[in-house]
Structures are given as structure tokens and as C-alpha cells.
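# Observations on chain architecture
So you can see what is in the structure, the chains are spelled out below.
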Amino acid sequence: MKKIKALYKKYEEIINYLIVGVLTTIVSWIAYGLCRFVLDVQNSNFQMQVAVLIRWFAGVVFAYFTNRKYVFKSENPNKFKEFCSFTSSRIVTYVMDAVIMAFLPGLLPAKCFGLDADWMATLISAVLVTITNYVFSKFLVFTKKKDNNSEEAK
């Protein structure tokens, strides 16, 4: 049990990030499910896009607050600026995902490791987007300010 606690402590941020990611996915799927219940997504491309946008936004809002509190433990008093920065980074990775999904399935063989090309592209894109979101969050959004007093003490 001590080894498990030590491993968790060592990789706490990444483990929490992955847990929050799974929860974010569930929240966005629930939001999409509710949209499907309310909107006629089967027969309207416009309503489908509205549902996708709502799903994405629900995921981003949930991810921001949970990443802020449980993953990066941000104490930035300017939550609005931080949220805008977080949302901007997620827009970049949303576009990245769209570009990957527009081209990668056509570049892969029809079957790749037993998966259809679109599913393999989805998997590759999800991994790349997750890593990029983590890097953006850690180094651009939830940055820790250096304490000038601790620098002088060294």
C-alpha cells in the first residue's frame, strides 16, 4: 500500500489529469445525449453542429474547473483570464482534432491493427489532443508564478 501511495504522489498530477479527462468525456457525452433528446440531430446538420458545440462547451467548462482545482491546483485570482486562456487552448486542439480527422483516415490503410481507419485515426487524434491539452494547461494556462522571496533566499 505504501508503494501505491508513493507512486500516486509521484505521478499525482498526471493521474488526476487522466481521471478528470475520463469524467470530462462522460460529461460531454451526457450533454450530447441531452441535446439528441431535445434537438433533431438525425435530420438536421445544423442541429447536429449545435449539439456538438454544446457537448464541446460542456466538456471545456467541466474540464476547466476540475483541472484548476484537482489537477493543477491553481490559485490564480484572475479566473476569467485563466478560463479564457484555457478555452483558447481547447479551441486550438479542437481544430487540431478536426484537421487530423479530415486527413488521417485517408492516409491509413482500410484496416489498421484490426480497426477501421476512422477508428484508428480517432484513437491517434485522442492521444495527440490529450497530450497537447496537458502541455497547454501545464505550461500556458495554469502556470505557477515564481516567488521572488524564495529566489532571493537562494
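The present account deals with the structure reproduced in this document. (Residues numbered from 1 in each chain as written. Predicted model: local features only at pLDDT ≥ 70, side-chain atom pairs only at ≥ 80, totals over all residues. Heavy atoms only, no water.)

### Side note on the packing of aromatic side chains
All told, the structure shown has 10 aromatic pairs when counted by the stated rule. Plain terms: the ring middles of Tyr64 and Phe142 are 6.0 Å apart, the flat faces sit at 20° to each other, and that makes the pair stacked. In this pair, Tyr64 sits in helix α3 (residues 45–71) while Phe142 sits in the loop between α5 (117–141) and α6 (148–153), placing the two residues 78 residues apart along the sequence. Relative accessible area serves as the criterion here: at 1%, Tyr64 is assigned to the buried category. Since its relative accessible area comes to 3%, Phe142 is described here as buried. With 5.9 Å between their ring centres and 50° between their planes, Phe86 and Phe142 make a pair best called tilted. Placement of Phe86 in helix α4 (residues 79–107) and of Phe142 in the loop between α5 and α6 is noted, with a sequence separation of 56 residues between them. (Phe/Tyr/Trp six-rings, centres within 6.5 Å; stacked < 30°, edge-to-face > 60°. Helix = DSSP H or I, 4+ residues; strand = E, 2+ residues; numbered from the N terminus. Buried < 20%, exposed > 50% of the residue type's maximum accessible area, 1.4 Å probe, protein only.)

### Concerning the pattern of salt bridges
Oppositely charged side chains are able to pair whenever their charged atoms sit close together. In total, this model carries five salt bridges according to the counting rule given. When the shortest N-O distance is used, the salt bridge between Glu13 and Lys138 registers 2.9 Å. One end of the pair, Glu13, is in helix α2 (residues 12–38); the other, Lys138, is in helix α5, and 125 residues separate them in sequence. Accessibility expressed as a relative area gives 29% for Lys138, which makes it partly exposed. For Arg68, the salt bridge is made with Glu82, and the minimal N-O distance between the two is 2.3 Å. One end of the pair, Arg68, is in helix α3; the other, Glu82, is in helix α4, and 14 residues separate them in sequence. The structure contains a network of salt bridges with shared partners spanning Lys9, Glu12 and Lys73. (Salt bridge = Lys/Arg side-chain N within 4 Å of Asp/Glu carboxyl O.)

### Side note on the side chain of Arg90
You can see Arg90 is positioned in helix α4. Of the side chains with opposite charge, Asp97 comes closest to the buried, unpaired Arg90, at an N-O distance of 11 Å. When residues no more than four places from it in sequence are discounted, the contact partners of Arg90 are Tyr17, Trp56, Val60, Ala63, Asn67, Asn133 and Ser137. (Lys, Arg positive; Asp, Glu negative; His and termini not counted. Contact = heavy atoms within 4.5 Å.)

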